[in-house]
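# Structural overview for review
Single-letter residue listing:
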Amino acid sequence: RLDGCCISLFAWASYRMAGLNASPQVHDVNDELRSADECAQEADLSQRDPFDSLEIFELIRGIKDPEHPHSLEQLKVAQRNLITVDDVKSRITVQFTPTIPHCSMATLIGL
């Protein structure tokens, strides 16, 4: 049995999806992972481990899109080549590509 709240939520979600990229293009995921040597170096607490774009990408690639059951990587919202790291200045920039130009959910994703 669905109560009014659930029905309203379903109607709102259906309304939000209507005509707003209801069927996005899904891409293959990148299988790039850190080597065993890189993982060992990161685990060594006696050495400073600088950030790099792969490390940041690994943190955000699996975030699910709020409107679709796919990850930001599958939708190409997040891509490693759009991440820049300036470890010296402690600055990381993540550019993203919404699935549609006027995506109202970009702030909900947290990007």
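Scroll up to find the structure.
This write-up is about the structure you can find in this document. (Residues numbered from 1 in each chain as written. Predicted model: local features only at pLDDT ≥ 70, side-chain atom pairs only at ≥ 80, totals over all residues. Heavy atoms only, no water.)

### Quick look at the overall build of the protein
Helices and strands together make up the secondary structure of the protein, namely 4 helices and 2 strands. Overall, the protein shows an N-to-C arrangement of helices and strands of α-α-α-β-β-α. Taking all 111 residues of the protein together, 24% fall into the buried category. In the protein, the proportion of contacts linking residues at least 24 apart, taken out of those at least 6 apart, comes to 54%. Of the roughly 7,800 Å² that the protein leaves accessible, carbon and sulfur atoms contribute 57%. (Helix = DSSP H or I, 4+ residues; strand = E, 2+ residues; numbered from the N terminus. Buried < 20%, exposed > 50% of the residue type's maximum accessible area, 1.4 Å probe, protein only. Contact = heavy atoms within 4.5 Å. Areas by Shrake-Rupley, 256 points an atom, 1.4 Å probe, with all protein chains shown as cover.)

### Regarding the side chain of Asp87
You can see Asp87 is positioned in the loop between strand 1 (83–86) and strand 2 (91–94). Sequence-distant contacts of Asp87, defined by excluding residues within four places in its chain, comprise Arg48, Pro50 and Phe51.

### Some remarks on unusual backbone geometry
Here Lys76, not a glycine, exhibits a phi torsion of approximately 60°, which is positive. In this fold, Lys76 is placed in the loop between helix 3 (53–60) and strand 1. We classify Lys76 as partly exposed; its relative accessible area is 36%. Look at Ser90: it is not a glycine, yet its phi comes out positive at around 55°. Turning to its location among the elements, Ser90 is positioned in the loop between strand 1 and strand 2. Residue class for Ser90 comes out exposed when judged on its relative accessible area of 69%.

### As for the environment of Glu55
When you line up the elements, Glu55 lands in helix 3. Taking C-alpha positions, Glu55 is 10.0 Å from Val85, a pair spaced 30 residues apart along the chain. Setting aside chain neighbours within four positions, we find Glu55 in contact with Arg34, Glu42, Asp49 and Pro50.

### Brief notes about the pattern of salt bridges
Inspection of the entire model under this criterion finds 2 salt bridges. A salt bridge links Asp87 to Arg48; the shortest N-O distance between them is 2.6 Å. Pair noted here: Asp87 is in the loop between strand 1 and strand 2 and Arg48 is in the loop between helix 2 (36–43) and helix 3, with a separation of 39 residues, a long-range link. The class of Asp87 is buried, set by a relative accessible area of 19%. Residue Arg48 is classed as exposed on the basis of its relative accessible area, which comes to 58%. Note that Arg61 and Glu73 form a salt bridge whose closest N and O atoms lie 3.1 Å from each other. Of this pair, Arg61 sits in the loop between helix 3 and strand 1 while Glu73 is found in the loop between helix 3 and strand 1, placing the two residues 12 residues apart along the sequence. With respect to burial, Arg61 and Glu73 carry one shared label: buried. (Salt bridge = Lys/Arg side-chain N within 4 Å of Asp/Glu carboxyl O.)

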